[in-house]
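Each chain, letter by letter, is given below.
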Amino acid sequence: MSEQRSSSGSKGKTFDVPSEGYECLMGGEEMGLLMRSYDWSNTPFGAVEQWTQSLRSTLSICLNSRFPIAIYWGTENLLLYNDAWRPIIGDKHPWALGRPAREVWSEIWNTIGPELTGVLATGKGTFHNDELLSMRRFGYTEECYFDYTFNPIQGEKGVVDGIINIVSETTYRVLNDRRARLLREVASKTGSAKTAEEACALMISTLQSDRADIPFSLLYLIDADGKRARLCRGAAIVDNHSISSSVIDLDAEDDWLVATAARSAKPQIIHHLVTRFGHIAGSPWAEPPQKAVILPIAATGQSKIAGVLVAGVSPRLELDENYRDFFSQVAGQIAIAIANAQSYEQERQRAEQLAELDRAKTVFFSNVSHEFRTPLTLMLGPTEDALREAQDSEQRDRLELIHRNALRLQKLVNTLLDFSRIEAGRIEAVYEPTDLTTLTMDLAGMFRSTIERAGLGFRVECDALLEPAYVDREMWEKIVLNLLSNAFKFTLEGEIALELHADDKQIQLEVCDTGTGIPASESDTPSKAGGLMSVTAPR
C-alpha cells in the first residue's frame, strides 16, 4: 500500500510515501501532514525506514502532544517540532523544519548553543524560568520570555541521540507583570503631588524606571486658555533636546503631532523616528526606537484635554492591542494625578480665601469695637455726672435707665473686642488664686431676684473648696453669667440649677434647666431635665 503526497522538501515533485515505517509520523495535524509529505531521504535524517527507535518513539510522542515540544536531533541539533511548538518559530516555519539549530537560531545561538552541547555531552537536562531570548521571528529582533527545558534522549548503549525541548512562552505574563508594577509605582509616587507640574515631574521620573516599555517620553501640559502646550520641567527623556520644543502652538502643526492629538482628542502614531529625528537614546536595546505614540490626556470628568504624552515604543515589541492598552493606562494615571493635584490646589486656594476672610472679619470686629467704645466712654462720663447731680426722681430714673443700658452696651462691645482678640490669637488669660466657691455664688446671686420674679425656682449648690483655684476671674465671670443668662432666656417654667463640684483632678461647673434644652447632636453632655451646660477646669 502507498499514498501519493506532494513533497515540500523536493520543490513540488511528487513521490510515493509508503505507510509501513511511517507510524511515528501519523500523529499531529499540520506538522504530521507536513512530515509525512517530506522527502526525508534527501536530508541528514535519511529515509524514515532507517530511523532509530529512540527517534521514532520521541517523535511520535512529540506529534501527538498538545504541549509545545521540539526535538534537536544528533550533533547538528536538527530541528523537529509539533503543532503546539510551531508558533514559537514564527515566520521561520516551515523553512526551519529539519535544519540545524545553529541556522534556525543564529540570533540566540551564543545562549543556547553551549547548553545544547552540554546536554549532549553530559546527559543532564536543564531548566529555565522566564528566560529572556531575543529572537528574530517576525522580521525584527523581539523581546521574548520562556519557561523551557532541554532533556536528553537516550539511545542505544546509553548514548544521547538528541534533545527534547519542552517549552512555554511567558512573554505575555512577564510584560503584563512589569507594566502592572510600573502603573502601581506611578500611582504611589504621584499621589503626593501638590501641583500639576509636580505630578508630571514625578510621573516622568517614574517612567524612566521602565525603559524597556517606554524608551523615552515627553509630557506636555496645556495652558488654561487651551492655546499652548508647555513641556513639563524635566520631562524630556531624550539626549537631543533640540528635537522637543518647550512650547507648542496648538493652532499650528508640530513634528510630534502634539497639536493634532490635542485638537482631535485621539491618539496618534509616528513611524520612522530615526528618519525624522535621528537616533533617540533611551532604549535598553542596541537598536533605537522607530515608533512613538502620542496620547491626549483628558481631564478627569471633563472633555477638556489637560496634556499630551509622547511615549516611545520599544523597538523589540510589536505595538499590539495589549501594548496600546498599557499606554492608555499610563495616560489615565497621568490624568488622575493631574486632577488630584488640581483639586488639592483648589482646596488650598479656598482655604487661603477663608483664612483671609477670617482675618478681615477679625480686623473688622476689632475696628468696630474700638469705634463703639470711644463714644460709649464719652457718653458714660456725663451720664454718671448727671446722675450724681440729679434732684428730680423721675429724671434720675431716666438717667439710670440710660446708664444701665450704656453699661450693658459697653459690656457687649468688650465681649466683641475679646472675641476679635481670641480670633487673632492675642488674648492672654491672667490666672490668679481665687476662692471659686465664693466668686461663683456671688455671680449666681446677681440672677436670683430676676429668676424668682419670673416664677422659676433657682437652686445653687457649690462645694466648699479646700484650696484656691487658679482661674482668670474675668473669663470665669463671663462664663457663669452667659450660662445663667441663656438658661433664664429659654426656661419658661420649672427651675434653673447651678452646681459646682470638685474632685482630686478637676472642678466642674454645671448649669441645668427645664427649658427647651440643647439638641443631643449639638451637645457633648447628655440633657438633664431640658438642658445642661458644663464647664470643666483642671485643679
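The rules behind the values
Residues numbered from 1 in each chain as written. Predicted model: local features only at pLDDT ≥ 70, side-chain atom pairs only at ≥ 80, totals over all residues. Heavy atoms only, no water. Core = buried A, V, L, I, M, F, W, Y, C linked by side-chain atoms within 4.5 Å. Buried < 20%, exposed > 50% of the residue type's maximum accessible area, 1.4 Å probe, protein only. Pairing = 2+ DSSP bridges. Helix = DSSP H or I, 4+ residues; strand = E, 2+ residues; numbered from the N terminus. Axes fitted to C-alpha atoms, helices over the stretch in contact; angles between N-to-C directions. Contact = heavy atoms within 4.5 Å. Polar contact = N/O pair within 3.5 Å; in protein donor to acceptor, adjacent residues only side chain to side chain. Patch = residues over 30% accessible without salt bridge, like charges linked within 9 Å, V, L, I, M, F, W, Y side chains within 5 Å. Areas by Shrake-Rupley, 256 points an atom, 1.4 Å probe, with all protein chains shown as cover. Salt bridge = Lys/Arg side-chain N within 4 Å of Asp/Glu carboxyl O. Lys, Arg positive; Asp, Glu negative; His and termini not counted. Charge placed at Lys NZ, Arg CZ, Asp CG, Glu CD. Parallel < 35°, antiparallel > 145°, perpendicular 65-115°, else oblique. Left-handed = near helix turned anticlockwise from the far one by under 90°. Nonpolar A, V, L, I, M, F, W, Y, C, P; charged D, E, K, R; others polar. Disulfide = S-S within 2.5 Å. pLDDT = per-residue confidence, 0-100.

**Overview of the nonpolar core**
In step 1: L25, W40 and W85 are the most contacted members of the largest nonpolar core, which has 47 residues in total.
In step 2: Listed in part, the 31 residues of the second largest apolar core include L183, V186, M203 and L295.

**Some details on the sheet that holds strand β6 (residues 141–154)**
In step 1: Strand order in the open sheet made by the 5 strands is β4-β3-β7-β6-β5, with antiparallel pairing throughout. Strands at the two margins of the open sheet, each flanked by one partner only, are β4 (78–81) and β5 (126–136). Along the sheet, successive strands turn relative to each other by an average axial angle of 35°, direction set aside.
In step 2: Of the strand pairs in this sheet, β5 and β6 are connected by 9 bridges, and their pairing is antiparallel. Residue pairing in the sheet places L132 in a bridge with Y145 of β6.
In step 3: The sheet contacts of helix α5 (residues 109–122) involve β3 (69–73), β5, β6 and β7 (160–169), and relative to β6 the element is tilted by about 10°.
In step 4: Helix α6 (residues 171–190) contacts β5, β6 and β7 of the sheet and is inclined by roughly 135° relative to β6.

**As for unusual backbone geometry**
In step 1: The linkage connecting H93 with the following residue, P94, adopts the cis geometry, with an omega of 5°.
In step 2: With respect to the helices, strands and loops of the structure, P94 is situated in the loop between α3 (86–89) and α4 (101–104).
In step 3: Within the chain, N77 stands out as a residue other than glycine whose phi angle is a positive 55°.
In step 4: Mapped onto the elements of the fold, N77 is located in the loop between β3 and β4.

**Things to note about the side chain of E510**
In step 1: Assignment of secondary structure puts E510 in strand β18 (residues 506–513).
In step 2: Accessibility expressed as a relative area gives 12% for E510, which makes it buried.
In step 3: Side chain to side chain, E510 and Q508 meet in a polar contact 2.4 Å long.

**Details of the environment of Q395**
In step 1: The topology assignment puts Q395 in helix α11 (residues 393–424).
In step 2: Overall, the relative accessible area of 34% leaves Q395 in the partly exposed class.
In step 3: At 2.7 Å, the side chain of Q395 and the side chain of R398 are in polar contact.

**Digging into a negative patch on the surface**
In step 1: Side chains of E318, D320, E321 and D325 sit close together on the surface and give a patch of like negative charge.
In step 2: Structurally, E321 is set in helix α10 (residues 321–389).
In step 3: Of the residues examined, E321 reaches a relative accessible area of 67% and is grouped as exposed.

**Section: the packing of α6 against helix α7 (residues 196–207)**
In step 1: Where α6 meets α7, the closest approach of the two axes is 9 Å, and the angle between their N-to-C directions is 150°. Our classification of the angle between α6 and α7 gives roughly antiparallel. In the packing of α6 onto α7, the handedness of the crossing is right-handed. Here α6 contributes L182, E185, V186, K189 and T190 to the contact with α7, which in turn contributes A199, L202, M203, T206 and L207.
In step 2: Among the residues forming the contact of α6 with α7, the class breakdown is 6 nonpolar, 2 polar and 2 charged.

**Brief notes about the state of the cysteines**
In step 1: Following the criterion strictly, the structure yields 0 disulfides and no others.
In step 2: Unpaired in this structure, C232 has its nearest cysteine sulfur neighbour in C200, at a distance of 3.4 Å.
In step 3: Using a relative accessible area of 7% as the deciding quantity, one classes C232 as buried.

**Side note on the packing of helix α12 (residues 436–453) against helix α13 (residues 473–489)**
In step 1: Where α12 meets α13, the closest approach of the two axes is 10 Å, and the angle between their N-to-C directions is 30°. In this view, α12 runs roughly parallel relative to α13, as classed from their interaxial angle. Seen from above, α12 lies across α13 with right-handed handedness. Residues L436, L439, T440, L443, A444, M446, F447, T450 and I451 of α12 form the contact with α13, whose own contacting residues are R473, W476, E477, V480, L481, L484, S485 and F488.
In step 2: Each residue belonging to the contact of α12 with α13 can be placed in one class, and the counts come to 12 nonpolar, 3 polar and 2 charged.

**Comments concerning the confidence of the model for the chain**
In step 1: With 85% of its residues at a pLDDT of 70 or more, the chain has an overall mean of 84.
In step 2: Taken element by element, the predicted model of the chain shows its lowest mean pLDDT in strand β1 (residues 2–6) (37) and its highest in β3 (98).
In step 3: Note that pLDDT drops below 50 for residues 1–17; the model gives that stretch 37 contacts with residues more than four away or on any other chain.
In step 4: Every residue in residues 526–530 scores below 50 in pLDDT, and together they form 14 contacts with partners more than four places removed in sequence or on other chains.

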